[in-house]
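Descriptive analysis of the structure
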Amino acid sequence: MKKKLLSVLLASAMALSMAACGGAPAGGDSNNGGNTQQDSNGGSADANVQDDGGDASGGDVALDGSYPAETVKIGLVGYDNTSEQQMAIQEYLDYLSEKFNIEVMYSENLADAEGELNFISDCAAAGCKAVIGYYNEALSEAAKTAADYGMYYWGGFGGNKDEVEAAKTTCGEYYLGGYTLGEADYEGGRSLALALAEQGCEKVVFCSGGASFGVTQFVERKEGFLAGVEEAKANGVNMEVVKEVEGWPGTDSFTADQTAVMGMEVDAIASSFDVAMWFQPVMEAGKAESVKLAAIGEVSDTYHDFFNSGLVSVIVYDNEEVVFGNAIPLILNAVSGNKLVDADGNGFQYEVQRWTITTPEEFNAVYDLHDSGNWVVTAEDIAELLVDLNPDANADTFKTFYGSFGIESVMQ
């Protein structure tokens, strides 16, 4: 990941805006916090942000791609191979593929449950042992399909407890569980509003994405944002949503709303998905010094220059290795016969944090770490969570470790 010139970033931003028209989910939400709980090694989470050497080892096993002895092939269900978050996940998995004997098979761009289930079938035909449900439209049916083929399935179905219970019931040993963030999308929207309130923003535009179409995650993000506005008011901030922009970039209605907003006096534009589609209108209107942009998005090339210039002031972010990379130790344990389970012997949900980033220092701490080829969670950390390599590893040490990382974990 290299820093690009502003013109290249702007072109990328426009491309991302057009991609959002399909309504694919982008980004996550945040509990806006972090701590330095003790990890499974007895150290703090901060200690795990490190340079990864070439002679890493876990216990007596060299992490040189030779463990486990038999290659573990894994399918990743994605939705957009040009998504910066999805590309970051792939980069992290490529790194882990050098350290462990794993091979990842990636889907083509997917837009519906049928495509998702077809890809899972393709994974079985290719000899995959497990499926990572990064994109999930079919919910527990995806997990059941994987289980019917004898493959493990990782995914939390957006925190839907009914779907988790269905997967436990229908998949048996093949359901591994997945992360949860409490009221994930609601808290993401709420975090956006509260962060902007702290920055003194009063007149705010809110881009609600698919909320008006009844898309659950966007309905919840909107509810959270409006609740955050009310909370800010109760704390003495004169904050109000002066306009809601519905739907997706590239539509006539969205473009018309952008033109209208640029004729208004506003302090901030908050988006329940990526906000890159506002870069060009704001700059062309000469409002880059007076309007702040906030998004549920990524720490990525697209945002680098704009965050450091102050145009973007809030990003609610899923750290790829913390939120999604935890699938790897669960899969490797299960394949080796050491599946991590809850007290009832089932795959389980576990809480991780999403990070609300509000300063260039926070943004650059994450960006520079990844830009230098390093990771918040390293292969050595994962080795400590594998029962084969660390007999003390268990579900509790796994949950404590991954639950401990907040933005403070990468701040020096």
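As a starting point, this report considers the structure included with it.

Cut-offs and rules
- Residues numbered from 1 in each chain as written.
- Predicted model: local features only at pLDDT ≥ 70, side-chain atom pairs only at ≥ 80, totals over all residues.
- Heavy atoms only, no water.
- Helix = DSSP H or I, 4+ residues; strand = E, 2+ residues; numbered from the N terminus.
- Buried < 20%, exposed > 50% of the residue type's maximum accessible area, 1.4 Å probe, protein only.
- Contact = heavy atoms within 4.5 Å.
- Areas by Shrake-Rupley, 256 points an atom, 1.4 Å probe, with all protein chains shown as cover.
- Pairing = 2+ DSSP bridges.
- Right-handed = clockwise from strand over helix to strand, strands pointing away.
- Axes fitted to C-alpha atoms, helices over the stretch in contact; angles between N-to-C directions.

Okay, the overall build of the chain next. Helix and strand counts for the chain stand at 15 helices and 14 strands. The buried share among the 412 residues of the chain stands at 55%. Counting only contacts in the chain whose residues sit at least 6 apart along the sequence, the fraction spanning at least 24 positions is 74%. Of the roughly 15,800 Å² of accessible surface on the chain, a fraction of 46% belongs to carbon and sulfur atoms.

Here we take up the environment of Val 205. Here Val 205 shows up in strand E8 (residues 203-209). Between the C-alpha atoms of Val 205 and Val 245, which are 40 residues apart in sequence, the distance is 7.3 Å. When residues no more than four places from it in sequence are discounted, the contact partners of Val 205 are Val 242, Lys 243, Val 245, Val 261, Val 266, Ala 268, Ile 269 and Ala 270.

Glancing now at the pairing of strand E11 (residues 292-297). The element E11 is largely enclosed, with a buried count of five among its six residues. Note: strand E10 (residues 268-271) against E11, four bridges, orientation parallel. Each residue of the ladder has a partner; that of Ser 271, found in E11, is Ala 295. Each parallel crossover has a hand, and the one from E10 via helix H9 (residues 279-284) to E11 is right-handed. Assessed by its sense of winding, the connection that carries the chain from E11 through helix H10 (residues 301-309) to strand E12 (residues 312-317) is right-handed.

So, about the sheet that holds strand E7 (residues 175-180). Across the sheet, six strands lie side by side as E4-E3-E5-E6-E7-E13; this open sheet has parallel pairing. The sheet is open, and its two edges are formed by strand E4 (102-106) and strand E13 (348-351), each paired on a single side. Between one strand axis and the next, the sheet turns through 20 degrees on average, direction left out of account. Examined bridge by bridge, strand E3 (residues 72-76) and E4 share five bridges and lie parallel to one another. From the neighbouring strand, Val 72 faces E4, where its bridge partner is Ile 102. Contacting E3 and E4, helix H2 (residues 84-99) runs over the sheet at an angle of about 155 degrees to E4. Strand contacts of helix H4 (residues 140-148): strand E5 (130-132), strand E6 (152-154) and E7, with the helix running at about 155 degrees to E6, the strand carrying the most contacts.

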